[in-house]
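Remarks on the overall topology
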Amino acid sequence: MTDVQATAVDVRDEQVDALLKRLGSNDGPIEFDGLSAATDADGYALSTPESGDHRGLSEAEFRAAATEDGVAPYVTNWHYWEETVGHRGRHRRAFLRRAEAADERSVPARYVDLDSGMETEWGEVVVTATLGENGDRRYEIRHADDVGAAEDELDGYDDPLDARQIATDDDRGRYRPLKSAPTLISGWIFENLGGRDAVETLDVLYPASVANWNLEREDELDVTHWRETAERQTGIYDIIEDLPREAVEWVAEACCVDSQCLKRREWQYDEGDDLAADNGAGAFPCREPCSLVVAAARKWTKLEEEETHTYEFELTPSEKEQVEAIVDAVADGRIDEIREADVYEGANRYRTRFLRAKRFDEDGSLSGTPTDPTDEN
Amino acid sequence: MQALVIVAHGSHLNPDSSAPTHAHADTIRSTGAFDEVKTGFWKEEPSLREVLRTVESEEVFVIPLFVSEGYFTEQVIPRELRLDGWDVSAWDSDGLSADTATLVAEDTGQTVHYCGPVGTHEAMTDVLVRRAETVTGDPEVGDGFGLAVVGHGTERNENSAKAIEYHAERVRAMDRFEEVQALYMDEEPEVDDVTEYFESEDVVVVPLFIADGFHTQEDIPEDMGLTDDYRTGYDVPSEVDGHRIWYAGAVGTEGLMADVILERAADAGADIESAIATVREATRKTEADGEPGKTDTDREPRETDTDGETQAAGD
């Protein structure tokens, strides 16, 4: 058993007032995270795993017992979860409970761990729960890349809505339409947040992620598979239901793997008809093809209607491999990593310009071969 | 517990599309009128499919930030929100009169008051006038000025033109501006010929659009002759054919839009009267004593949103 003394906790009078008030209501006895409290004709009863049973207490004796070392953490813990957090925000409460492993660890053990901070990874950020005054909890959110950085080296924020600005553009100033893309900028910190603001901040950085995570945890996640999403579309998107199953595989491989999106893909081609693409290892699920996937699929639906043609190109073996290297570099987002003078990389700019100068005609056609075979020059 | 959810189109390409939605949400949030104020988008996150689960309240007022009734308000939004049993007849609308319908969201079980779009609410007329005040820096603007309300036109949605006519008529009835004219991008009377429709030297041109984008920042300024190339920008006012054109940009960026959102919610039964009064004053950019206030006339050209769908689209 962890030593309670390691994290001495003061109990405020108002916290005991709240406990007494709850006992005086019609809600019945309290059984919460190891704290038992009740009232009957003999007086008050109070017990925790550390305190043994107190029975037949007067109100004054109850108040005194509530501040004992073996009881105080349980009282402040009850107060935080039942009065401060409450039950109204079901998903919010579940996330905050998870942030301190509340369903697995005893109150004294948690208080020791919270003293040094308990971390939860969420997408690219880390949430750290700590113990505040009188058992209150405080939360810090920062980019995983900034774990270990001094607070004063990071830009500090305290309003969850400030996270909107953080999440809008990537580190090159490009708009991020997909909030779960692994391109969240670092260098910022939300310090000393309450539970509501902490979850609110996550909900700005990763919209609906907390709700979907908890629905999944409670076996209630409403996954909508590709077929249903495609068939639901109208207007300009109604054509995506014609995208062949094979191409849906490529869509998932192109858009939904962890290198592109940190949500864990739970939707499949159809119920009982899984896609082969890696669905990722993210903390929170993706329950349905998103609007980006739908919009891209519309383009692919049109493109996949084309028939293949046999073209004849003259390429050296190295040029063939260079074309493959260029496709790989673009697909993996590595263009910026290839150094200007690194002519050993097929996707190097000079190498690519050389290839274009050699193999493209004045119309930009590879080997002078027209795209439409009937359109001979 | 009552929550407000503002739903809008958003964009995969351009962050300016959702900026007004967030700004209006912030304005309303600061009044404290609702326990929660959230935003949901067709093209951004949280999606329309998932926005309701981010709301803790059991009762939700959903306001579409769209200019007219049509494809999005009648089909896409109710479908994506999973409003059980939705049928457009619940609004009993003539194309302008959608107010509210109360339904249950299938996935969350929340009670949803699904309201008509902001663009057809009568309070929108006040926003058009406020936009004219803001762009001229004159809270009394009207004397010697003409006002043009610009819309997409009927090509893709007949209700779009109805909303333009409706507000133009209401501004006309105020007897405040010398002349009021409805103009369109894709039908007669066309915005290209704006100077032919006004005798007044000064004309304020206000597009009834929710957000600035391709149409309001590129098409309309070029069509009216404010500039040959939107990327080089234009002056406000600009001289065109002997007229001074005060081009206001999308009315949806005006702070008073928050009031229309609140009015929609109030009409649907939300208890928010004091918040409405607060917002009406807090969003005023021109000084009440008649001195020009801060105006937002230095417009930088912004990126094109070439999304295949537009907010007025019914295709």
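The residue count restarts for each chain, going from 1 along the sequence in the order it is written. Just so you know, chain letters begin at A and ligand numbers begin at 1, following the order they were written in. Local features in a predicted model are, by the rule used here, given only for residues with pLDDT of at least 70; side-chain atom pairs are given and counted only at 80 or more, and totals for whole chains, interfaces and linings are based on all residues. Calculated side-chain values reflect all of the structure's heavy atoms, with hydrogen atoms and water omitted.

All names here are of chain A. Together, Asp238, Glu241, Asp242, Glu246, Glu304, Glu305 and Glu306 line one region of the surface with negative charge. Helical segments are the DSSP runs of H or I of at least four residues, strand segments are the runs of E of at least two, and each set is numbered from the N terminus. Along the chain, aspartate 242 falls in the loop between α9 (226-232) and α10 (245-255). The cut-offs for exposure are 20% and 50% of the maximum accessible area for each residue type, with area from a 1.4 Å probe on protein chains only; residues under the lower value are buried, those over the upper are exposed, and the others partly exposed. Look at aspartate 242 and you get exposed, because its relative accessible area is 55%. Only residues whose relative accessible area exceeds 30% and that take part in no salt bridge are eligible for patches, with like-charged residues grouped when within 9 Å of each other and nonpolar side chains (Val, Leu, Ile, Met, Phe, Trp, Tyr) grouped when within 5 Å. Method for areas: the Shrake-Rupley scheme with a 1.4 Å probe, in which residue coverage is limited to the protein chains shown. For this document, the term salt bridge refers to a Lys or Arg side-chain nitrogen within 4 Å of an Asp or Glu carboxyl oxygen. We count Lys and Arg on the positive side and Asp and Glu on the negative side, and we leave His and both chain ends out. Throughout, a charge is located at the NZ atom of Lys, the CZ atom of Arg, the CG atom of Asp or the CD atom of Glu.

Its domain assignment divides chain A into domain 1 (4-84), domain 2 (89-217), domain 3 (226-303) and domain 4 (310-377). Each domain's limits were defined by an automated method or a database of domain assignments. A C-alpha centroid distance of 44 Å is found between domain 2 of chain A and domain 4 of chain A.

With that out of the way, let us pick up the sheet that holds strand β2 (residues 35-40) of chain A. Sheets are built from strands paired through backbone hydrogen bonds, the pairs being either parallel or antiparallel. Residues and elements named next belong to chain A. Two strands qualify as a pair provided DSSP detects at least 2 bridges between them. On the basis of which strands lie adjacent, the open sheet formed by 4 strands has the order β1-β2-β3-β4 and antiparallel pairing. Only two strands of the sheet have a single partner each, and these edge strands are β1 (30-32) and β4 (52-57). For this sheet, the mean inter-axis angle between neighbouring strands, taken without regard to orientation, is 5°. By the convention used here, residues are in contact when the closest approach between their heavy atoms is within 4.5 Å. Interaxial angles span 0 to 180 degrees and are taken between N-to-C directions of axes, which are lines fitted to C-alpha atoms, for helices over the stretch in contact. Sheet strands touched by helix α1 (residues 13-24): β1, β2 and β3 (43-48). Its angle to β2, the strand with the most contacts, is close to 55°.

Time to look at the pattern of salt bridges. Under the definition given, this model contains 60 salt bridges over all chains. Two residues, Arg264(A) and Glu216(A), come together in a salt bridge whose shortest N-O distance is 2.7 Å. Of this pair, Arg264(A) sits in strand β10 (residues 264-265) while Glu216(A) sits in helix α8 (residues 209-217), and the two are 48 residues apart along the sequence. Its salt-bridge partner being Glu324(A), residue Lys320(A) comes within 2.5 Å of it at the nearest N-O pair. Remark: Glu324(A) and Lys320(A) occur in helix α12 (residues 317-331); sequence separation between them is 4 residues, near one turn of the helix. Overall, the relative accessible area of 46% leaves Lys320(A) in the partly exposed class. By relative accessible area, Glu324(A) is classed as partly exposed at 37%. Each of Asp222(A), Arg232(A), Arg287(A), Glu288(A), Arg49(B), Glu50(B), Arg53(B), Arg79(B), Glu80(B), Arg82(B) and Asp107(B) takes part in a single network of salt bridges with overlapping partners.

Let us now look at unusual backbone geometry. Residues and elements named next belong to chain B. For the bond from glutamate 45 to proline 46, the omega torsion is -5°, close enough to zero to count as cis. With respect to the helices and strands, the residue proline 46 is situated in the loop between β2 (36-41) and β3 (59-64). That bond from glutamate 188 to proline 189 is cis: its omega, -10°, falls within 30 degrees of zero. Its location among the elements puts proline 189 in the loop between β7 (179-184) and β8 (202-207). The backbone phi angle of aspartate 92 is positive, close to 45°, even though this residue is not glycine. Assignment of secondary structure puts aspartate 92 in the loop between α2 (71-80) and β4 (100-104). Looking at aspartate 92, the relative accessible area reads 65%, which means it is exposed. Notably, aspartate 175 is not glycine yet its phi reads approximately 60°, a positive angle. Along the chain, aspartate 175 falls in the loop between α4 (158-174) and β7.

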